[in-house]
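Reading the structure
Here are the chains, one letter per residue:
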Amino acid sequence: MQRAEELLKSLLSRPKSLAARAQLALLAIEQRDLDSAERWIDPEALEHPAMMYAHSLFLVRSERAEEATSILKRAEITFGSSPSPYVLASRRLLAALAERSGNPALAETHYRATLSDFPSDPLTSARLGRLLFQKAYQDAATHSVAGNDELGRLLEDACDERFQPIAWCRELLTLQRLLVAEAAEFDASISERKDWPESG
């Protein structure tokens, strides 16, 4: 961590100084040193994706989620689907904030919009899959989960070894597959029964 900080500080006088300052802020946030993070953030340079993301995350960790959401919405409009890891991180954070605030419908909208622009992002696939799993299970238990093909695809994408698989999603994928197998076995047992008593 110290070597990374030293390297970033050596870049402060170079053309990519804003990105270096943003990375230093993110390192400080990771270390829970919000005072240092705030010193590295330049609120006048939010046109830079890295600085905008660092500032947003700082606000979230400072329990100022509404301010962060406002900045992240502006980032979504400003940067769109720009191929930047900071833009993707900002889109993820916006969706996560909606989910944490108790608005799963808005979170789903944000997750889907992110996957539309970044279709190979395993973390967004995992989070959307988890959200749909919870929704389906609450709605109609096993059959609603088992019959949701999109849910299975999202969880499989999140666990795809070709990218960066999301470890916690593997257990959810295993559970989803068990429910699919259970539902198929149940349906098969019903179709094979010939001696069901007539109603009445």
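Conventions used here
- Position numbers for residues start from 1 in each chain and track the written sequence from start to end.
- Confidence filtering applies because this is a predicted model: local features only for residues at pLDDT of at least 70, side-chain atom pairs given and counted only at 80 or more, and all residues used for totals across whole chains, interfaces and linings.
- Hydrogen atoms and water are omitted, and side-chain values are computed over all heavy atoms in the structure.
- Helix and strand assignments come from DSSP, with helices taken as H or I runs of at least 4 residues and strands as E runs of at least 2, each series counted from the N terminus.
- We call a residue buried when its accessible area falls under 20% of the maximum for its residue type, exposed when it is over 50%, and partly exposed in between, using a 1.4 Å probe and counting protein chains only.
- Contact between two residues is taken to exist if any of their heavy atoms lie within 4.5 Å; hydrogens are not considered.
- Calculation of accessible area relied on Shrake-Rupley with a 1.4 Å probe; when residues are assessed, cover is drawn exclusively from the protein chains displayed.
- Fitting a line to C-alpha atoms yields each axis, with helices limited to the stretch in contact; the angle taken between N-to-C directions then spans 0 to 180 degrees.
- Each angle is binned into one of four classes, with values under 35 degrees roughly parallel, values over 145 roughly antiparallel, values of 65 to 115 roughly perpendicular, and all other values oblique.
- A crossing counts as left-handed when the near helix is turned anticlockwise from the far one by less than a right angle, and as right-handed when that turn is clockwise.
- Gly falls in the polar group here, along with every residue not listed as nonpolar (Ala, Val, Leu, Ile, Met, Phe, Trp, Tyr, Cys, Pro) or charged (Asp, Glu, Lys, Arg).
- Residue count minus one, scaled by 1.5 Å, sets the expected span of a helix.
- Think of a polar contact as two N or O atoms within 3.5 Å of one another; within protein, one of them needs to be a possible hydrogen donor and the other a possible acceptor, and neighboring residues in sequence only count if both atoms come from side chains.
- Throughout this description, the term salt bridge denotes a Lys or Arg side-chain nitrogen within 4 Å of a carboxyl oxygen of Asp or Glu.
- Along the arc lie the directions from the helix axis toward the C-beta atoms.

Overview of the overall build of the protein
Secondary structure summary: the protein contains 10 helices and zero strands in total. When the helices and strands of the protein are listed from N to C terminus, the series reads α-α-α-α-α-α-α-α-α-α. A burial count over the protein gives 42% of its 200 residues as buried. Residue pairs at least 24 apart in sequence account for 51% of intrachain contacts in the protein once pairs closer than 6 positions are excluded. Surface exposure of the protein reaches about 12,000 Å², of which carbon and sulfur atoms provide 51%.

Things to note about the packing of helix H1 (residues 2-10) against helix H2 (residues 17-30)
Relative to each other, H1 and H2 sit at 155°, their axes nearing to 9 Å. It follows from the interaxial angle that H1 and H2 lie roughly antiparallel. Our pair here, H1 against H2, has a crossing hand that is left-handed. Note on element contacts: H2 touches H1 through Ala-20, Gln-23, Leu-24 and Leu-27, opposite Ala-4, Glu-5, Leu-8 and Lys-9. Broken down by class, the residue content of the contact of H1 with H2 amounts to five nonpolar, one polar and two charged.

Structural notes on the packing of H2 against helix H4 (residues 49-61)
Helix-helix packing: each pair is described by the crossing angle between the helix axes and the interaxial distance. At a minimum axis distance of 8 Å, the contact between H2 and H4 shows a crossing angle of 20°. With respect to H4, the element H2 is oriented roughly parallel. Considering how the two elements wind past one another, H2 and H4 form a crossing that is left-handed. Residues Leu-18, Ala-19, Arg-21, Ala-22, Ala-25, Leu-26 and Ile-29 of H2 lie in contact with H4, whose contacting residues are Ala-50, Met-51, Tyr-53, Ala-54, Leu-57, Phe-58 and Arg-61.

Regarding helix H6 (residues 85-100)
Compared with an ideal rise of 1.5 Å per residue, which puts 16 residues at 22 Å, H6 spans 22 Å between its outermost C-alpha atoms and is within 8% of the ideal. With 13 of 16 residues buried, H6 lies mostly within the body of the structure. The opening residue of H6, the one whose side-chain oxygen lies 3.2 Å from the backbone nitrogen of Tyr-86, is Ser-84. Just downstream of H6, Gly-102 is the residue with a positive phi angle, here 85°.

Observations concerning the environment of Glu-171
Assignment of secondary structure puts Glu-171 in helix H10 (residues 167-192). Each C-alpha atom, one on Glu-171 and one on Leu-155, is 9.8 Å from the other, the two residues being 16 residues apart in sequence.

Quick look at unusual backbone geometry
Residue Arg-32 is not a glycine yet carries a positive backbone phi of 65°. Position of Arg-32 among the secondary structure elements: in the loop between H2 and helix H3 (34-40). For Arg-32, a relative accessible area of 77% puts it in the exposed group. You will see that Glu-63, though not glycine, has its phi angle at about 60°, which is positive. Of note, Glu-63 is situated in the loop between H4 and helix H5 (65-79).

Some words on the pattern of salt bridges
Applying the stated criterion across every chain yields a total of 11 salt bridges. In this structure, Arg-91 and Asp-117 form a salt bridge, with 3.0 Å as the shortest nitrogen-oxygen distance. With Arg-91 in helix H6 and Asp-117 in helix H7 (residues 104-117), this pair connects stretches of sequence that are 26 residues apart. Put simply, Glu-108 and Arg-112 hold a salt bridge, and the shortest N to O gap is 3.0 Å. A residue pair is termed a helical-turn pair when its members lie 3 or 4 positions apart in one helix, as Glu-108 and Arg-112 do in helix H7 at four residues.

Quick word on H7
Here H7 contains 14 residues, and its C-alpha end-to-end distance of 20 Å stays within 8% of the 20 Å for a straight helix at 1.5 Å per residue. Buried within H7 are the following residues: Ala-107, Glu-108, His-110, Tyr-111, Thr-114 and Leu-115. In an axial view of H7, the angular spread of the buried residues amounts to 165°, which keeps them on one side of the axis. Those residues of H7 that are exposed and aimed more than 90 degrees away from the buried face are Ala-105 and Ser-116.

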